[in-house]
Amino acid sequence: MLNRRTVRKYSAEPVGESLLNELLMAAARCSTTGNMQVYSIIVTHDAAVKKELLPFHFNQKMIVEAPLVLTFCADFNRFNKWCALRKADPGYDNFMSFMTAAIDALIAAQTFCMAAESRGLGICYLGTTTYMAHKIIEVLKLPRGVIPVTTVTAGWPAEQPVQVDRLPLEAVVHNEIYRDYTDADIDRFYSEKENRKDSQQFVAENKKESLAQVFTDIRYKKEDNVYFSKILLQVLKDQGFMNQ
Ligand SMILES: Cc1cc2nc3c(=O)[nH]c(=O)nc-3n(C[C@H](O)[C@H](O)[C@H](O)COP(=O)(O)O)c2cc1C
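Procedures and definitions
- Residues numbered from 1 in each chain as written.
- Predicted model: local features only at pLDDT ≥ 70, side-chain atom pairs only at ≥ 80, totals over all residues.
- Heavy atoms only, no water.
- Disulfide = S-S within 2.5 Å.
- Buried < 20%, exposed > 50% of the residue type's maximum accessible area, 1.4 Å probe, protein only.
- Helix = DSSP H or I, 4+ residues; strand = E, 2+ residues; numbered from the N terminus.
- Expected span 1.5 Å × (residues − 1).
- Arc of directions from axis to C-beta.
- Contact = heavy atoms within 4.5 Å.
- Near = heavy atom within 4 Å.
- Polar contact = N/O pair within 3.5 Å; in protein donor to acceptor, adjacent residues only side chain to side chain.
- Areas by Shrake-Rupley, 256 points an atom, 1.4 Å probe, with all protein chains shown as cover.
- Pairing = 2+ DSSP bridges.
- Axes fitted to C-alpha atoms, helices over the stretch in contact; angles between N-to-C directions.
- Core = buried A, V, L, I, M, F, W, Y, C linked by side-chain atoms within 4.5 Å.
- pLDDT = per-residue confidence, 0-100.
- Salt bridge = Lys/Arg side-chain N within 4 Å of Asp/Glu carboxyl O.

A. Representation of the state of the cysteines. Across all of its chains, the model carries zero disulfides by this definition. Summary of cysteine pairing: Cys 30 is not part of a disulfide, and the nearest cysteine sulfur, belonging to Cys 113, is at 12 Å. According to the relative accessible area criterion, Cys 30 is buried, its value standing at 11%. No disulfide involves Cys 73; its sulfur sits 14 Å from that of Cys 30, the nearest cysteine. Cys 73 gets classed as buried once you look at its relative accessible area, which sits at 0%.

Written out as structure tokens, the structure reads:
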């Protein structure tokens, strides 16, 4: 786990069915809320479906190049159906239940990733899933009660990228209670990241004053966040998670 890194280039060698099943079994062994398992995993091998998904992942080529694409979904559809068939009245048409199902889906995703990496595969998460959930729902034919929350591409690595930096452990760990950050703490915790050559290059190339501005003005800007929030809130409504 300490040696892992995200892998975005994969060899053409397929991931065998028995290995894939083993990894999916490991993912399904993860903890879930009340053991309800309110998630589903859509496994995409088909080149035609990958091609359809590609624009909705902002043309990130891992989608078509990776042998495996897995979309992890928050899913109350199956559980609601079980309840209805057993004279149980499901109360899962709300935001709380979406959070429950999204948490289950993400824990399953990360368990899959750890299992895959432990067997030598490389993985990459795709955050585009929540931006374009409405389109991915159409491609994967997800019914009401199901929302995609993350996508993972996986395959045999064709690259070994250098590990990227992390904040020092003391920046992310608090003992007993939260200790808020002073300006000096922030300077100290972010200094290594800011002083890296690649970070400085990033700042210069983008003609920004600081690395933080690369995040706020280019990579994760407010206008995009507001725009995609509106879409996601509509998806929550359309898929039956907003009290209706
Ligand atoms: C929720 C999530 C979404 C991500 N989305 C993308 C993505 O869309 N494209 C990409 O190339 N990497 C994506 N990543 C990978 C991160 O960029 C990567 O984990 C981070 O830079 C740290 O690198 P490392 O995993 O090699 O340590 C995502 C990771 C997470 C956890």
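B. Molecular detail of helix 12 (residues 222–238). With 17 residues, helix 12 ought to run about 24 Å at 1.5 Å a step, and its terminal C-alpha atoms sit 24 Å apart, in line with that. Taken together, the buried positions of helix 12 are Phe 228, Ile 231, Val 235 and Leu 236. Burial along helix 12 is one-sided: seen end-on, the buried residues are contained in an arc of 145 degrees. Exposed residues lying more than 90 degrees from the buried face of helix 12 are Lys 222, Glu 223 and Lys 230. Buried positions along helix 12 lie against helix 5 (95–118), helix 6 (128–131), helix 7 (133–140) and strand 4 (146–155). Gly 240 sits one or two positions beyond helix 12 and adopts a positive phi of about 85 degrees.

C. Local environment of helix 5. Spanning 24 residues, helix 5 covers 34 Å between terminal C-alpha atoms, matching the ideal 34 Å at 1.5 Å per step. One or two residues past the end of helix 5 sits Gly 120, with phi positive at roughly 95 degrees.

D. Molecular detail of the site of the ligand. Residues in contact with the ligand, as listed here, are Arg 4, Arg 5, Thr 6, Arg 8, Gln 60, Met 62, Cys 124, Tyr 125, Leu 126, Gly 127, Val 164 and Arg 166. At a separation of 2.6 Å, an oxygen atom of the ligand approaches a polar side-chain atom of Thr 6. The separation between a nitrogen atom of the ligand and a polar main-chain atom of Tyr 125 is 3.2 Å. Relative to its free-state accessible area of 620 Å², the ligand is covered by the protein chains to the extent of 61%.

E. Highlighting the sheet that holds strand 4. Strand order in this open sheet of four strands is 1-2-4-3, and the pairing throughout is antiparallel. Edge positions in the open sheet fall to strand 1 (39–44) and strand 3 (122–126), since each of these has one partner strand only. Across the sheet, the mean angle separating the axes of adjacent strands is 25 degrees when strand polarity is ignored. By the bridge criterion, six bridges tie strand 1 to strand 2 (residues 68–75) in an arrangement that is antiparallel. Bridge pairing links Ile 41 to Phe 72 in strand 2. Against the sheet, helix 1 (residues 17–28) makes contact with strand 1 and strand 2, and its axis sits at roughly 165 degrees relative to strand 1, the strand it touches most. Where helix 7 meets the sheet, it contacts strand 1, strand 2 and strand 4, and its direction lies at approximately 80 degrees from that of strand 4.

F. Seen up close, the nonpolar core. Grouped together as the largest cluster of nonpolar side chains are 57 residues, with contacts concentrated most on Leu 23, Leu 53, Phe 72, Phe 98 and Phe 112. Considering every element that reaches this core, the biggest residue donor is helix 5, with ten residues.

G. Molecular detail of the confidence of the model for the protein chain. The share of residues in the protein chain with pLDDT of 70 or more is 100%, and the mean pLDDT across the chain is 98. Mean pLDDT per element in the protein chain: helix 10 (residues 197–205) is the minimum at 95, and strand 2 is the maximum at 99.

H. Geometry of the pattern of salt bridges. Summed over all chains, the structure comprises ten salt bridges. In this structure, Arg 188 engages Glu 170 in a salt bridge whose closest nitrogen and oxygen atoms are separated by 3.0 Å. Of this pair, Arg 188 sits in helix 9 (residues 183–195) while Glu 170 sits in helix 8 (residues 169–172), placing them 18 residues apart in sequence. Glu 170 gets classed as partly exposed once you look at its relative accessible area, which sits at 44%. For the salt bridge of Lys 208 with Asp 217, the shortest nitrogen-to-oxygen distance reads 3.2 Å. By relative accessible area, Lys 208 is classed as partly exposed at 28%. A relative accessible area of 34% means that Asp 217 is categorised as partly exposed. Because the salt bridges share partners, they merge into one network encompassing Asp 165, Lys 193, Arg 196 and Asp 198.

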